[in-house]
Amino acid sequence: MTTTDIPRALAEGPSPARLGALTDALAARAEADDLLDVAVRTVESPVGELLLAATPVGLVRVAFAAEGHDAVLDDLARRVSPRVLRAPARLDRVARELDEYFDGHRTHFDVALDRRLSSGFRLAVLTHLSDVPYGRTESYAEVAAALDNPKAVRAVGSACATNPIPVVVPCHRVLRSDGSLGGYLGGLEAKTTLLRLEGAAA
Amino acid sequence: MSTTDAALPPFTEIVARHGATVWRVCRAVVGADAADDAWSETFLAALRAYPDLPPTTNLEAWLVTVAHRRAVDVVRRERRTVPAGTDPSDLAAPARHDAPDPAVRAADTEVWTRVAALPERQRLALAYHHLGGLTYVEVAALVGGTSDAVRRAAADGLATLRRTYGSEEIA
C-alpha cells in the first residue's frame, strides 16, 4: 500500500477501540442474519487458555493452547465453515459453566453439543464418555467393553486423543487399566489437574 | 468447502488483517460520519459471499471492491434523506470528530474539506489506489475509464490536497 506520500489524516486508521466495537457489532449482525457459522472466544482456566467454538447447533470445539489456537481456527474454517468470527455472546453460557466447573461448583455441563467433528466408533466412544460421572474414571478397556467391542482398546485411546470437545466431554476420566494416566491432548499436567479437581486421582 | 492446503482463512482473521484498511477507504469515500456504517455493510456483505470465494483470491483487493459497492449504497441511502434543494452531486461530505490536538485538528479539518470537494473520480482513485492498494487497472475496472485516466485522477487529487495541506505535513 502506498501511504507514505499522502496526507496523514487520510492514512490514519481507526483506533483499536473503534475497530473492536465495529468487530463486535459485525458479529451481532452476522448472528442476526444467520451468517455466524462458527462463533469463537477464549477463556482463562487452570489448564491454560481455552479456545471455545460453537455452531448454531452447539459447542463444536474446545482447544488447549498446546494445540495452537490459530491452527484450530484454520481447521474449523476448513472442516465446518470459513465464516468464523469472534462472538462471545453465543459462548457465554459455556464460559460460565466452565468457570463454575473449575471453581468446583459444577459437576455436569448442561450445554448443547455439535458432534459433527466426530464420526463412527470415535463418536460412539465420545458419546459414552458423557455418561462417565464427575469424579469417576474408567479404563480404556472398560470403555471398549461398554461399547461391546472389547478388543478396541487402542481405538478408544485414539478417540480420546482426538476428542474435539475436551473437558466438557470428559476424556480425562479415561485411564489405563493399571491406573496410570495414559495420554491427554492437553498434556498430562492438565489431565492431572482435572482429575484432582474432581477428587478422582492422586 | 476445500480440503486442500489452499483453504480460505477464518473470517475473523480477515477482519483483523484488513479491517483498518477497509475503514480508511470507507472514510475517504463516504466521509467520517458514514465510515462506520459503510465498514459494517462491507464486512457483512463480504461475510455473506465469503465461503464461495476461490481460495486464491487477493482478499484485500476483493474487500475494497465490496467496499466500493457498499459505499455507493450507503451514499444513495443518505441522499434519500437529504432535503430537497441541496446538491447531492457526488459521494460524500467528509467530516471529522476525533482529532485530539487542536493544531492538528485544524489542518485535518482543512484536508477533509478538500477531500470532500474533490471530483468524485479523483477521490475514488485516491481511495482505492493509495489507501486500498488496488492497481490503476483494478480501479479502472471498478469505476470505469482507462487506467491512465485513473492514474491522472489520483495524481490530480493528491496534488490538490498537497497544495493546501502538504507543506508542513510532508516536509
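Residues numbered from 1 in each chain as written. Chains lettered and ligands numbered in written order. Predicted model: local features only at pLDDT ≥ 70, side-chain atom pairs only at ≥ 80, totals over all residues. Heavy atoms only, no water.

- Looking at an unreviewed UniProt entry, chain B carries the name Sigma-70 family RNA polymerase sigma factor, with the source organism given as Flavimobilis rhizosphaerae.
- According to the UniProt record, the Sequence similarities (unreviewed entry) comment for chain B is "Belongs to the sigma-70 factor family. ECF subfamily." (UniProt positions renumbered as here; feature names shortened; annotations may be inferred.)

- An unreviewed UniProt entry lists chain A under the name Methylated-DNA--protein-cysteine methyltransferase, from Flavimobilis rhizosphaerae.
- Quoted straight from UniProt, the Function (unreviewed entry) entry for chain A says "Involved in the cellular defense against the biological effects of O6-methylguanine (O6-MeG) and O4-methylthymine (O4-MeT) in DNA. Repairs the methylated nucleobase in DNA by stoichiometrically transferring the methyl group to a cysteine residue in the enzyme. This is a suicide reaction: the enzyme is irreversibly inactivated."
- Heading Subcellular location (unreviewed entry) of the UniProt record for chain A holds this comment: "Cytoplasm".

**Some details on the overall build of chain B**
Right, on to step 1. Within chain B, the secondary structure is distributed over 7 helices and 0 strands.
Right, on to step 2. Reading the helices (α) and strands (β) of chain B from amino to carboxyl end gives α-α-α-α-α-α-α.
Right, on to step 3. Within chain B, contacts between residues at least 6 apart in sequence are counted, and of these 65% link residues at least 24 apart.
Right, on to step 4. Counting only carbon and sulfur atoms, one obtains 52% of the accessible surface of chain B, whose full area is about 8000 Å². (Helix = DSSP H or I, 4+ residues; strand = E, 2+ residues; numbered from the N terminus. Contact = heavy atoms within 4.5 Å. Areas by Shrake-Rupley, 256 points an atom, 1.4 Å probe, with all protein chains shown as cover.)

**Some remarks on the side chain of His69(A)**
All names here are of chain A.
Right, on to step 1. As for its position among the elements, His69 is in helix α3 (residues 69-79).
Right, on to step 2. With relative accessibility at 14%, the residue His69 sits in the buried group.
Right, on to step 3. With near-sequence residues (within four places) excluded, His69 lies in contact with Thr42, Glu49, Leu50, Leu51, Ala63 and Phe64. (Buried < 20%, exposed > 50% of the residue type's maximum accessible area, 1.4 Å probe, protein only.)

**Things to note about the environment of Gly19(B)**
Right, on to step 1. Along the chain, the position of Gly19(B) falls in helix α1 (residues 11-30).
Right, on to step 2. Residue contacts for Gly19(B): discarding those within four places in its chain leaves Leu19(A), Ile14(B), Trp39(B) and Phe43(B).

**Observations regarding the UniProt feature "active site" (unreviewed entry) in chain A**
All names here are of chain A.
Right, on to step 1. Look at the UniProt record and you will see "active site" (unreviewed entry) annotated at Cys171.
Right, on to step 2. Topologically, Cys171 is positioned in the loop between α7 (153-161) and β6 (174-175).
Right, on to step 3. Other than its neighbours up to four places away in sequence, Cys171 contacts Leu129, Cys160, Asn163, Pro166, Tyr184, Leu185 and Lys191.

**What about the sheet that holds strand β4 (residues 84-86) of chain A?**
Strands in a sheet are paired, the pairing made by backbone hydrogen bonds, and the direction either parallel or antiparallel.
Residue and element names in this part refer to chain A.
Right, on to step 1. Read across the open sheet, the 4 strands follow the order β3-β2-β1-β4; overall the sheet is mixed. Of all the strands in the sheet, the pair left with one neighbour each is β3 (59-64) and β4. Pairs of neighbouring strands in the sheet enclose a mean axial angle of 25 degrees, with direction left out of account.
Right, on to step 2. Sheet topology note: the strand β1 (residues 38-43)/β4 ladder contains 3 bridges and is parallel. Paired with Ala39 across the strands is Leu85, a residue of β4. (Pairing = 2+ DSSP bridges. Axes fitted to C-alpha atoms, helices over the stretch in contact; angles between N-to-C directions.)

**What to know about the nonpolar core**
Right, on to step 1. If you look at the biggest cluster of nonpolar residues, it comprises 99 residues, and the most contacted ones within it are Leu129(A), Phe11(B), Trp39(B) and Tyr128(B).
Right, on to step 2. Here this core gathers at least three residues from each of two domains, domain 1 (8-102) and domain 2 (120-197) of chain A.
Right, on to step 3. Beyond its immediate chain neighbours, meaning those up to four positions away, Tyr128(B) contacts Val25(B), Val29(B), Val64(B), His68(B), Gly133(B), Leu134(B), Val139(B), Leu142(B) and Val143(B).
Right, on to step 4. Counting 13 residues, the second-largest nonpolar core is a separate cluster that includes Ala77(A), Val80(A), Val84(A) and Leu117(A). (Core = buried A, V, L, I, M, F, W, Y, C linked by side-chain atoms within 4.5 Å. Domains from an automatic or database assignment.)

**Considering the pattern of salt bridges**
Right, on to step 1. All chains considered together, the criterion is met by 18 salt bridges over all chains.
Right, on to step 2. Across the pair Arg61(A) and Glu67(A) runs a salt bridge, and its minimum N-O distance is 2.7 Å.
Right, on to step 3. Residue class for Arg61(A) comes out buried when judged on its relative accessible area of 10%.
Right, on to step 4. Under the relative-accessibility criterion, Glu67(A) is labelled partly exposed at 23%.
Right, on to step 5. Close ionic contact of Asp148(B) with Arg151(B) constitutes a salt bridge, the shortest N to O distance being 3.5 Å. Placement of the pair is Asp148(B) and Arg151(B) together in helix α7 (residues 147-170), with a separation of 3 residues, close to one helical turn.
Right, on to step 6. The class of Arg151(B) is partly exposed, set by a relative accessible area of 41%.
Right, on to step 7. Where salt bridges share partners, they join Arg93(A), Glu97(A), Glu100(A), Arg106(A) and Asp110(A) into one cluster. (Salt bridge = Lys/Arg side-chain N within 4 Å of Asp/Glu carboxyl O.)

**Comments concerning the packing of aromatic side chains**
All names here are of chain B.
Right, on to step 1. Per the counting criterion, the structure on display carries 8 aromatic pairs over all chains.
Right, on to step 2. Judged by centre distance (6.2 Å) and plane angle (80 degrees), the rings of Phe11 and Phe43 are edge-to-face. One end of the pair, Phe11, is in helix α1; the other, Phe43, is in helix α2 (residues 32-49), with 32 residues separating them in the sequence.
Right, on to step 3. Overall, Phe11 belongs to the buried group, its relative accessible area being 0%.
Right, on to step 4. Grouped by ring-pair contacts, the aromatic residues Phe11, Trp39, Phe43, Tyr50 and Trp62 constitute a single cluster. (Phe/Tyr/Trp six-rings, centres within 6.5 Å; stacked < 30°, edge-to-face > 60°.)

**Overview of the pairing of β3(A)**
Residue and element names in this part refer to chain A.
Right, on to step 1. In terms of residue burial, β3 counts as a mostly covered element, since 6 of its 6 residues are buried.
Right, on to step 2. Relative to β3, strand β2 (residues 50-54) runs antiparallel, the two sharing 5 bridges. Bridging across to β3, Ala53 finds its partner in Arg61.
Right, on to step 3. Linking β2 to β3, which pair antiparallel, is a turn of 4 residues.

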